[in-house]
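Okay, here's what each chain looks like letter by letter:
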Amino acid sequence: MTDAISPFLPGTHIQFAWDSTSLGWLKTCPRLYQYSMIDQWRSKGNSVHLDFGGWYHSALELYDKLRAEAKDTPGESAHEDALHEVVKWCLEVTWIDGKPWDSGHNLKTRETLVRTVIWYLEQFVEDTCETVILANGKPAVELSFRLEMDWGPNSQITEDMINDKGPSAQPYVLSGHLDRVVKFQGNYYVMDRKTSSTTIGSYYFDQYDPDNQMSLYSMAARVIYQTPVRGVIIDAAQIAVGFSRFSRGFTFRTEAQTEEWLANTHEWLRLAEQYAVADFWPMNDKSCHQYGGCVFRKVCSKSPEVRQKFLETDFTKREWNPLASR
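Rules and cut-offs
Residues numbered from 1 in each chain as written. Predicted model: local features only at pLDDT ≥ 70, side-chain atom pairs only at ≥ 80, totals over all residues. Heavy atoms only, no water. Axes fitted to C-alpha atoms, helices over the stretch in contact; angles between N-to-C directions. Helix = DSSP H or I, 4+ residues; strand = E, 2+ residues; numbered from the N terminus. Left-handed = near helix turned anticlockwise from the far one by under 90°. Contact = heavy atoms within 4.5 Å. Nonpolar A, V, L, I, M, F, W, Y, C, P; charged D, E, K, R; others polar. Patch = residues over 30% accessible without salt bridge, like charges linked within 9 Å, V, L, I, M, F, W, Y side chains within 5 Å. Areas by Shrake-Rupley, 256 points an atom, 1.4 Å probe, with all protein chains shown as cover. Salt bridge = Lys/Arg side-chain N within 4 Å of Asp/Glu carboxyl O. Lys, Arg positive; Asp, Glu negative; His and termini not counted. Charge placed at Lys NZ, Arg CZ, Asp CG, Glu CD. Buried < 20%, exposed > 50% of the residue type's maximum accessible area, 1.4 Å probe, protein only. Phe/Tyr/Trp six-rings, centres within 6.5 Å; stacked < 30°, edge-to-face > 60°. Lys NZ or Arg CZ within 6 Å of the ring centre and 35° of its normal. 1 Å grid on protein atoms, 1.4 Å probe; cavity = no way out; pocket = protein on both sides within 12 Å on 5 of 7 lines; lining within 4 Å. Points joined across faces, edges and corners; volume = space filled by probe spheres on them. Core = buried A, V, L, I, M, F, W, Y, C linked by side-chain atoms within 4.5 Å. Polar contact = N/O pair within 3.5 Å; in protein donor to acceptor, adjacent residues only side chain to side chain. Parallel < 35°, antiparallel > 145°, perpendicular 65-115°, else oblique.

Things to note about the packing of helix α1 (residues 20–28) against helix α2 (residues 30–38)
Link 1 in the chain: Two elements in contact, α1 and α2, have axes separated by 5 Å at closest approach and are oriented at 140°. Crossing hand, α1 versus α2: right-handed. Within the contact between the two elements, α1 uses S22, W25, L26 and T28 and α2 uses P30, L32, Y33, S36 and M37.
Link 2 in the chain: Of the residues in the contact of α1 with α2, the class split is six nonpolar, three polar and no charged.

Shown next as structure tokens:
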């Protein structure tokens, strides 16, 4: 991500380019946002869950592209050809340093990656979700987007904070990546794939209604296509030792809900400006124990004067940049 333009205004910690990850950090806890986005602290070592999820997404993205490009090939033949290429890709995937991937995890392994991809594609081989073809003839798969917003009437941004040359002169930018845009039963949806090690039921899909990421995706798709997008189709895969199980859920967004989310986002970004100008990021101690506990919980439980030493001992630096391309 080091080659991407900085998402911060020059010489400040005022972030002008946001994605669902950085916005989610801010909404969860300003201190979490400071440690993760500004100070760039990450847990040491590779994240099995992030790596597995990323490779699962990449494998299905490859399949979607191959199927869309082979639209003139008979369905069964196109499926088999694409599946062969995807399985080959899964068997050859390596760590970023080129070393063979060995997760050391009991669930998320190369074997379960291959199995989950094959079983998912076999279950949905007759899926009526149709990948949208863009005006340039390419399939709407793994689309990167950047949407501009104004600073808002209560912004603390001043002219001397903005470099009048280059990208920092632009207003707020909301960015991200859509897995796939599809047409299903006459309506348009964003499709997103998720993996989980827990049983997937209605409660699982309830967590996405409302949800920061899904609201951003719905808004982005509406703007890109200038057409009503009903929401997001979520295909969730449960990964277990002896099986992979799949469930499909929907989260809908009306135009009024999207406008409300955008108005709320303006207010969150205004708060981020205030925190950055004051260089003070308060701790939201009601979030410390959510979702299995914040990764920085042990750091924040220490006295302020020793926290830096714990960060340097237990974490490493790795940038997250919403403007980085995939």
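Observations concerning a negative patch on the surface
Link 1 in the chain: Judged by side-chain charge, E76, E80, D81, E85, E122 and E126 come together as a negatively charged surface patch.
Link 2 in the chain: A per-element tally of the negative patch places helix α4 (residues 75–92) first, with four residues.
Link 3 in the chain: For D81, a relative accessible area of 48% puts it in the partly exposed group.

Focus: the packing of aromatic side chains
Link 1 in the chain: By the definition in use, this model includes 16 aromatic pairs.
Link 2 in the chain: Between Y120 and F246, the aromatic rings sit 5.6 Å apart at their centres with planes inclined by 65°, giving edge-to-face as the arrangement. Linking Y120 in helix α5 (residues 110–123) with F246 in strand β8 (residues 244–252), this pair joins segments that are 126 residues apart in sequence.
Link 3 in the chain: Three or more aromatic residues joined by ring pairs make a cluster, and in this case those are W18, Y33, Y275 and W281.
Link 4 in the chain: For the cation-ring pair, R115 lies above W119, with the distance from its terminal atom to the ring centre recorded as 5.5 Å.
Link 5 in the chain: Geometry around W41 places K317 over its ring, the cationic atom sitting 4.4 Å from the centre.

Quick look at empty space enclosed by the protein
Link 1 in the chain: Taken as a whole, this structure holds one cavity of 30 Å³ or more when the rule is applied.
Link 2 in the chain: For the lining of the largest cavity, the residue count by class is no nonpolar, one polar and five charged.

Focus: the layout of surface pockets
Link 1 in the chain: In this model, the second largest pocket occupies a volume close to 400 Å³.
Link 2 in the chain: In terms of lining residues, the second largest pocket is bounded by 18 residues, among which R67, C129, E130, T131 and R180 are the most central.
Link 3 in the chain: Elements with a contribution of two residues or more to the lining of the second largest pocket: α3 (48–69), α5, β3 (130–131) and β6 (187–196).
Link 4 in the chain: Tallying contributions element by element places α3 first for the lining of the second largest pocket, with four residues.
Link 5 in the chain: Within the lining of the second largest pocket, the residues separate by chemical class into nine nonpolar, one polar and eight charged.

A few points about the nonpolar core
Link 1 in the chain: Counting residues in each nonpolar core, the largest one holds 54 residues, and the members touching the most others are W18, Y33, L174, L178 and F296.
Link 2 in the chain: Looking at this core, the element that brings in the most residues is helix α7 (residues 212–225), giving six residues.
Link 3 in the chain: Counting 29 residues, the second-largest nonpolar core is a separate cluster that includes V114, C129, V182 and I239.

Considering the environment of Q207
Link 1 in the chain: Mapped onto the elements of the fold, Q207 is located in the loop between α6 (202–206) and α7.
Link 2 in the chain: Measuring from C-alpha to C-alpha, the distance between Q207 and T251 comes to 9.5 Å, with 44 residues separating the pair along the chain.
Link 3 in the chain: Of note is the side chain of Q207, whose polar atom sits 2.9 Å from the backbone oxygen of Y204.

A word on the side chain of Q34
Link 1 in the chain: With respect to the helices and strands, the residue Q34 is situated in helix α2.
Link 2 in the chain: The residues contacting Q34, other than those within four sequence positions of it, are D39 and W281.

A word on unusual backbone geometry
Link 1 in the chain: Residue P210 is reached from D209 by a cis peptide bond, and omega for that bond is 0°.
Link 2 in the chain: As for its placement among the helices and strands, P210 is situated in the loop between α6 and α7.
Link 3 in the chain: In this structure, Q185 is a non-glycine residue whose phi angle is positive, near 50°.
Link 4 in the chain: Examined against the element boundaries, Q185 turns out to sit in the loop between β5 (172–184) and β6.
Link 5 in the chain: Its identity is not glycine, yet D279 carries a phi of approximately 50°, on the positive side.
Link 6 in the chain: Its location among the elements puts D279 in the loop between α8 (255–278) and α9 (297–300).
Link 7 in the chain: A relative accessible area of 55% places D279 in the exposed class.

Structural notes on the packing of α1 against α8
Link 1 in the chain: One can describe the packing of α1 onto α8 by two numbers: an axis separation of 11 Å at closest approach and a directional angle of 70°. Taken as axis vectors, α1 and α8 run roughly perpendicular relative to one another. Contacts from L23, L26 and K27 of α1 reach α8 at W261, T265, W268, L269, A272 and Y275.
Link 2 in the chain: Its residues assigned to classes, the contact of α1 with α8 comprises seven nonpolar, one polar and one charged.

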